[in-house]
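Here are the chains, one letter per residue:
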Amino acid sequence: MTRFQRFPVAPTGLVLFWRAAAIAVAGVIVACALALSGRNPFELAGLVIHSTVGSRFGLEDLALFMTPLVLTGAAVTLTRCIGLWNIGGEGQFYLGAVGAAGVGLYVSGPPILILPLMAVAAMVCGALWILVPALARAWINVNEIITTLLLNFVAGFLVYWLATGPWRDRVTGALVSTGRLPVAIPEMWGAVHYGFPVSLLVVCALAGLLRRTVWGYEVRISGANPGAARYAGIPMRWRIIVVMLISGALAALAGMFEVAGTVHRMQGGMANNFGYLGIVVAVLARGSCMAVIPAALLVAFILDAGIVLQTQQLAATTVLAITGLVLLLIAIADELAHYRPVGGIGQGKASA
Amino acid sequence: MIMLLTGLLSAAVLAGGVLSLAALGEVMAERTGVTDLGVEGLMSMGAATAILTVMFVPNPWVGFLAAMAAGSAGGLLFAFATVIMRANQVLCGLAVTFLGLGFSAAIGHSVAGIPAPVSFAAVKLPLLSDIPVIGPAFFSQNLPVYLIYIILPLGFHVLLFHTRHGLNLRAVGENPAAADAAGISVTAIRFWYVVLGAALAGGAGAYLSLAVIPNWSEGMVAGRGWIAVALVIFAGYRPLNASLAGLIFGLISAVGFLGQARDWPIAAPVLNMSPYLGTLGFIILPVMLWPRLRRLFAAPASLGMPYYREER
């Protein structure tokens, strides 16, 4: 008698199989929805392929979208290693933009000094933004999902206020925007700036930190088995605080790259859901830092496809709905991957 | 001064109604052990559906019911994924939020910014509405107010703490294996209470777009769903506290509105941020100042954990 049994570990092959199925189902649902609204899904698919991976501009856009996604995805992945969620990437991204724009607008000097200073200011701002949720989690066990998320709205208002008030653009009068920054991250390939390779390097360094150091080992143990970690004398509170602060700093670095490399000003709404999409990237990466890179590529592809759909008179938020659909189906797929067929009841016990 | 207080209180009752209704639904879902983080998206769906409905059928109650149906549809999807398929609740909640925000913007595109043709009108209760301050604030409101602040909280309180079914429901949230052994269907209870919570979240969206801000615009929910989820923690997973907490937060946002309308010498961004910072303070400070609260207002023991019968 064949039956399915749940195993605690999901093998990578099965995960990939179910995920491919999930993405295929999402594709079919989206195609049906497009067909129902009177559009030709095959024509649109061709258009999407051409304007993402099929052209130079498309590839540049992919790299530009990937840069912040890799960092916000790494930010969430890092907190997942210790069993927590950082849903506040959006807010930390904004604070990174604030820190970077503040230095860029008001400190003058050679770019070689100003750019690192902007990055440091951004990361400090991002880490400070997550400080209260981190302390509340470590000392009084307050749910970090809610606290990090609520600060996103506060950060949005802060940026809006700065960009319409004290830091507003007095030269061209652009709405909800600061003036153009005098420094920019140099470009390396078309519109792609050096933030792209740097973000990839940051993720590799993070992977090394988690896999090759005692600190990283302790963080992973604290996440996998808090009871054992406490018994082994690992200072959990400090691990939680430091992990959350680094996570905030990573998301903020994404904000700095966006301000200094892509947008060149600080604008209201510039976080563009990158913080929330970082959660999707982290989920796709399943807690592995190196897997953040292909995961960010997939999400960047969805975002890029969304831009194409917008040129076809589809609402900008359609892409948000598509992302939600993909996320839901992948969550189900990941659970399905835990099940494997076992022979009889006796055999099942033998293999488990 | 009396005028100011009256205005403040009636604005608080209105704004708080949205939060109370959504928080009440979330209390019931979380008591069975399921965290539904999709409230923000479900509210958005409800708000858009309500406006679309009243454009065809000019009756706010029809719009309210349609919004509850839309919320339940999202809830069925979420309950299928988390209770039947037992997928990760945090992820599915975020997915429902994304789906709801995106889908509501797409379907509401054609009616964005158009004032609602009908809305919940105020009804003056005889005698009670003549009481100074309290009368206009509490007894000259629209009818859903009584549903939100009196009928549902009391009903849910009695159901949860004074009936056998409520005991079963709480057992499912605390120790599903024990509940299962006692012959209670964990799956059925979790499934239907998640759908109920989602329906109330949809209703809260309708209350927002038909009573508080009578129109639909993209992003109008503006974090109210997340505040409602936070209020459930603040309220210690108790329906009476949840509805009161909604009222308190209604008061905070009413102060914000009034401050901007009357040009108080407080910067507008500070007033805008106050509901979010207030929520943050309210879930951190009480636990910090009174550590016993942590045990008293603790979450159901199995909150967020899927139940596998075979892994006992």
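Let me sum up the structure you'll find in this document. (Residues numbered from 1 in each chain as written. Chains lettered and ligands numbered in written order. Predicted model: local features only at pLDDT ≥ 70, side-chain atom pairs only at ≥ 80, totals over all residues. Heavy atoms only, no water.)

## Looking at the overall build of chain A
Short version of the rule: Comment: elements are numbered from the N terminus, with helices defined as DSSP H or I runs of at least four residues and strands as E runs of at least two. Values of the radius of gyration come from C-alpha atoms, whereas the globule rule sets the reference at 2.2 Å times the count of residues to the power 0.38. Summary of the burial criterion: residues with accessible area below 20% of their type's maximum are buried, those above 50% are exposed, and those between are partly exposed, where the area comes from a 1.4 Å probe applied to protein chains only. Two residues form a contact once any of their heavy atoms are found within 4.5 Å. The method behind every accessible area is Shrake-Rupley, applied with a 1.4 Å probe, and residues are considered shielded solely by the protein chains displayed. Only four residue types enter the tally: Lys and Arg on the positive side, Asp and Glu on the negative side; His and the chain ends are excluded. Where a charge lies is defined by one atom per residue type, namely NZ (Lys), CZ (Arg), CG (Asp) and CD (Glu).
The number of helices and strands found in chain A is 15 helices and 4 strands. For 352 residues, the compact-globule estimate of 2.2 N^0.38 gives 20 Å, and chain A sits close to it at 22 Å. Each principal axis of the C-alpha atoms in chain A carries an extent, and together these give about 75 × 60 × 35 Å. A total of 352 residues make up chain A; the buried ones form 54% of that total. Long-range pairs, those at least 24 residues apart, make up 79% of the contacts in chain A with a sequence separation of at least 6. Carbon together with sulfur atoms contributes 69% to the accessible area of chain A, which is approximately 15000 Å² in total. Side chains of chain A carry 20 positive and 12 negative charges; the gap between the two charge centres is 13 Å.

## Re the overall build of chain B
On a plain count of helices and strands, chain B comes out with 13 helices and 0 strands. Ordered by position in the sequence, the α and β elements of chain B form the string α-α-α-α-α-α-α-α-α-α-α-α-α. Whereas a compact globule of 312 residues would reach a radius of gyration of roughly 20 Å, chain B reaches 19 Å, a difference of no more than 12%. Projected onto its principal axes, the C-alpha positions of chain B cover 60 × 45 × 40 Å. Taken over 312 residues, chain B has a buried fraction of 55%. In chain B, 79% of the contacts between residues at least 6 apart in sequence involve partners at least 24 apart. On chain B, roughly 12500 Å² of surface is accessible, and the fraction owed to carbon and sulfur atoms is 71%. Each charge class in chain B can be summarised by its mean position, and for the 14 positive and 11 negative side chains these summaries are 10 Å apart.

## Remarks on the packing of aromatic side chains
The condition that has to hold: Two aromatic rings from Phe, Tyr or Trp, using only the six-membered ring of Trp, form a pair when their centres are within 6.5 Å; if the ring planes differ by under 30 degrees the pair is stacked, by over 60 it is edge-to-face, and anything between is tilted. For a lysine, the NZ atom is tested; for an arginine, the CZ atom; a charge sits over a ring if that atom is within 6 Å of the ring centre and within 35 degrees of the ring normal.
On inspection of all chains with the given rule, the structure shows 16 aromatic pairs over all chains. Both rings, one in F120 of chain B and one in Y207 of chain B, keep their centres 6.4 Å apart while their planes meet at 40 degrees; by these two values the pair is tilted. A residue pair is termed long-range when its members are at least 10 positions apart, and F120 of chain B in the loop between α4 (89-108) and α5 (134-139) and Y207 of chain B in helix α9 (residues 186-212) qualify at 87 residues. Taken together, W61, F64, F120 and Y207 of chain B form an aromatic cluster joined through their ring pairs. When the ring centre of W189 of chain A is taken as origin, the NZ or CZ atom of R56 of chain A, which lies over that ring, is 4.2 Å away. A cation over a ring is seen here: R340 of chain A above F7 of chain A, with NZ or CZ 4.1 Å from the ring centre.

## Here we look at the interface of chain B and chain A
As a reminder of what qualifies: Accessible surface is computed with a 1.4 Å probe, and the buried area is the amount of it that two parts give up when combined, taken over both parts together. When a carboxyl oxygen of Asp or Glu is within 4 Å of a side-chain nitrogen of Lys or Arg, the pair counts as a salt bridge. Throughout this description, a polar contact denotes any pair of N or O atoms lying within 3.5 Å of each other; where both atoms belong to protein, one of them has to be capable of donating a hydrogen while the other can accept it, and for residues adjacent in sequence the pair is counted only when both atoms sit in side chains. Residues are grouped as follows: Ala, Val, Leu, Ile, Met, Phe, Trp, Tyr, Cys and Pro are nonpolar; Asp, Glu, Lys and Arg are charged; all remaining types, including Gly, are polar.
Counting from both sides, the interface comprises 43 residues of chain B and, opposite them, 37 residues of chain A. Carbon and sulfur atoms supply 84% of the area buried between chain B and chain A, which totals about 3600 Å² over both sides. Considering only the surface of chain B that becomes buried against chain A, L91, F98 and Y276 of chain B emerge as the three largest contributors, covering 18% of it. Summed over the shared surface of chain B and chain A, the number is 0 salt bridges. The interface formed by chain B and chain A contains 3 residue pairs in polar contact (both at pLDDT 80 or more). Listing elements by their share of the side of chain B that touches chain A, those giving two or more residues are α3 (60-84), α4, α10 (224-234) and α12 (268-289) of chain B. With 12 residues, α4 of chain B is the largest single contributor of residues to the side of chain B that touches chain A. Considering only residue class, the side of chain B that touches chain A consists of 33 nonpolar, 5 polar and 5 charged.

## Considerations on unusual backbone geometry
All names here are of chain B. For A222, which is not glycine, the phi dihedral falls at a positive 45 degrees. Position of A222 relative to the elements: it lies in the loop between α9 and α10. Unusually for a residue other than glycine, Y237 sits at a positive phi of about 60 degrees. Note on placement: Y237 falls in the loop between α10 and α11 (239-261). The class of Y237 is buried, set by a relative accessible area of 5%.

## Regarding the packing of helix α1 (residues 12-36) of chain A against helix α14 (residues 318-336) of chain A
All names here are of chain A. Condition: To obtain an axis, a line is fitted to C-alpha atoms, over the contacting stretch when the element is a helix, and the angle between two such axes runs from 0 to 180 degrees between their N-to-C directions. Any angle that falls under 35 degrees is termed roughly parallel, while one over 145 is termed roughly antiparallel, one within 65 to 115 roughly perpendicular, and all others oblique. The handedness criterion is simple: a crossing whose near helix is rotated anticlockwise from the far helix by less than a right angle is left-handed, and one whose near helix is rotated clockwise is right-handed.
Interaxial distance between α1 and α14 falls to 8 Å at its minimum, and their mutual angle equals 150 degrees. The pairing of α1 with α14 is recorded here as roughly antiparallel in orientation. The handedness of the crossing between α1 and α14 is right-handed. Taking contact as the criterion, the partners of V15, W18, R19, A22, I23, V25, A26, I29 and V30 in α1 are, on α14, I322, L325, V326, L329, I330, A333, D334 and L336. Among the residues making up the contact of α1 with α14, the classes are represented as 15 nonpolar, no polar and 2 charged.

## Considerations on the side chain of S209 of chain B
Residues and elements named next belong to chain B. Note on placement: S209 falls in helix α9. A polar side-chain atom of S209 sits 3.0 Å from the main-chain carbonyl oxygen of A47. Residues within four places of S209 in sequence aside, it is in contact with A47, A50, I51, A116, P214, N215 and M220.

## Describing the nonpolar core
For the record, the criterion: Take the buried Ala, Val, Leu, Ile, Met, Phe, Trp, Tyr and Cys residues and link them wherever side-chain atoms come within 4.5 Å; each set so joined is a nonpolar core.
Ranked by size, the top nonpolar core spans 200 residues in total, and within it L69, W85, M118, M256 and M266 of chain A carry the most contacts. In terms of residue count, the dominant contributor to this core is α9 of chain B (15 residues). For M256 of chain A, the residues in contact, after removing those within four places along its chain, are G96, A97, A100, L115, M118, A119, A122, I185 and G261 of chain A.

## Things to note about the side chain of T147 of chain A
Note on placement: T147 of chain A falls in helix α7 (residues 144-164). If near-sequence neighbours (up to four positions away) are discounted, T147 of chain A is found in contact with P133 and V142 of chain A together with L280, I283 and I284 of chain B.

## A look at α7 of chain A
Residue and element names in this part refer to chain A. Under the convention used in this document: Expected span of a helix, by definition, is 1.5 Å for each gap between consecutive residues, and there is one gap fewer than residues.
Counted at 1.5 Å a residue, the expected span for α7 with its 21 residues is 30 Å, and the 31 Å between its end C-alpha atoms agrees. In terms of burial, α7 is largely enclosed, as 16 of its 21 residues are buried. At the N-terminal end of α7, a side-chain oxygen is found 2.8 Å from the backbone nitrogen of I145, two or three residues along, and the residue is N143.

## A closer look at helix α9 (residues 214-224) of chain A
Residues and elements named next belong to chain A. Under the convention used in this document: The arc refers to the directions leading from the helix axis to the C-beta atoms.
Turning to α9, its buried residues number three or more, namely G216, E218, V219 and S222. Seen end-on, α9 carries its buried residues on one side only, within an arc spanning 160 degrees. Exposed side chains of α9 directed beyond 90 degrees from the buried face belong to V214 and A224. Of the surrounding secondary structure, the elements contacted by the buried residues of α9 are α3 (56-81), α8 (195-212), α10 (226-231) and α11 (236-263).

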